[in-house]
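Survey of secondary and tertiary structure
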Amino acid sequence: MRSAVLALVLLLATAIPASAAPVAAASVTSAAAVAKPALDYVALGDSYAAGPGIPDQIGTPPGCGRSNHNYPAVLAQWLRTSSFVDVTCSGATTVHMRGPHQVPGGVNPPQLDALSRDTDLVTLTIGGNDIGFGEILARCGQEGATDPTGDPCRRYYTSSGRDVLADRVAAVVPKITQVLADIRARSPHARILVVGYLRILPPTVGCWPAVPFATGDTPYFDATERLLNETIDRTATAARARFVDPYAFSLGHDACQPPEARWVEPLRPAAPAYPIHPNATGMRLVAALTWLTAHLTR
């Protein structure tokens, strides 16, 4: 079943124009499964939704790094929404769903303020920055330079006898649960799709120095990302939201793959994107998965 879904997703994401995607999907799925598109769509989330570095960078404040080719924008085009509001912002945490977010060039208002009782569809990508995504990348890169063939980053985060990153992931659960409750309160009739994170590194062998994680830290980081996605999935399901799982479909498309195969860029991107973030192809992949989830689970 997963291979069939992946084939359809790849067709939507890479082979056909955005305007034709819903027509192509409808020809593969049953007509009964394709419901009336949402009219009022609000996109919430962090940089894995915003698309920093992907042309064209639009909206304010500029520090949010919001692209008109991020997955919410592609999804909105496919859904032919009559109202689309994208308030995603790079660096956002769950705190910034309810509070303002200071970024270069200004302040992004509380993202939940974009919701209303008329909102039909909400997508949410959040949690990575709550566990310290940027700090982890910097720390593992720094530690990897000292011992490229070892696992210095894993040792750093487990030196207390506990896995600090696993504890951070567990701490995300009540935060996301509260965000989902807030969305329900503001938009009681909306479908909520919680969108996870694309695979960043392969499960075993990495690509130091393109992504400067030590040999043993590549599987540690991948296991942490997998745990985060699984935890977000369980949290969303418990809150009666649907989870979209890009990680499960992106094996072989991580930042260590050749430019033509990868959906996440390494430290020196070959495609326009922020380092260690999705490129435009990755965004279309996520949009395709989200589109299918929006229609097939209605």
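Counting of residues starts from 1 at the beginning of each chain's written sequence and follows it residue by residue. A pLDDT threshold of at least 70 governs which residues receive local features in this predicted model, and a stricter bar of 80 or more applies before side-chain atom pairs are shown or counted, although totals over entire chains, interfaces and linings include all residues. Note that water and hydrogens are dropped before the side-chain values are worked out from all heavy atoms of the structure.

Some thoughts on empty space enclosed by the protein
Here the term cavity refers to a set of points on a 1 Å grid, laid over the protein atoms alone, in which a 1.4 Å probe fits but cannot get out; the term pocket refers to an open set having protein on both sides within 12 Å along at least five of seven lines, with lining residues being those that place an atom within 4 Å of a point. Grid points are joined across faces, edges and corners, and a volume is the space filled by probe spheres set on the points. Applying the stated criterion across every chain yields a total of 2 cavities of 30 Å³ or more. Estimates place the volume of the largest cavity at around 160 Å³. Lining the largest cavity are 15 residues, and of these G128, I131, F133, I200 and L228 lie nearest its centre. Put simply, the parts of the chain that give the lining of the largest cavity at least two residues each are α3 (47-50), α6 (133-146) and α9 (217-238). For the lining of the largest cavity, the element with the highest residue contribution is α9, accounting for 4 residues. Strands here are runs of E lasting at least two residues and helices are runs of H or I lasting at least four, both read from the DSSP assignment and numbered beginning at the N terminus.

Comments concerning the packing of aromatic side chains
Given two aromatic rings, their pairing is described by the distance between the two centres and the angle made by the two planes. Only rings of Phe, Tyr and Trp enter the pairing, Trp through its six-membered ring, and a pair is recorded when the two centres are within 6.5 Å. The plane angle decides the type: under 30 degrees is stacked, over 60 is edge-to-face, the rest tilted. Per the stated rule, a full pass over the model turns up 5 aromatic pairs. Both rings, one in Y48 and one in Y197, keep their centres 5.4 Å apart while their planes meet at 65°; by these two values the pair is edge-to-face. Taken together, the residues Y48 in helix α3 and Y197 in the loop between β6 (191-195) and α9 connect sequence positions 149 residues apart. Each member of the pair, Y48 as well as Y197, is classed as buried. Look at Y156 and Y157: their rings are 5.0 Å apart centre to centre, the planes differ by 85°, and that puts the pair in the edge-to-face class. One aromatic cluster is present, built from ring pairs that chain together Y48, F133 and Y197. Type-normalised accessible area, obtained with a 1.4 Å probe on protein chains alone, sets the label of each residue: buried when under 20%, exposed when over 50%, and partly exposed for intermediate values.

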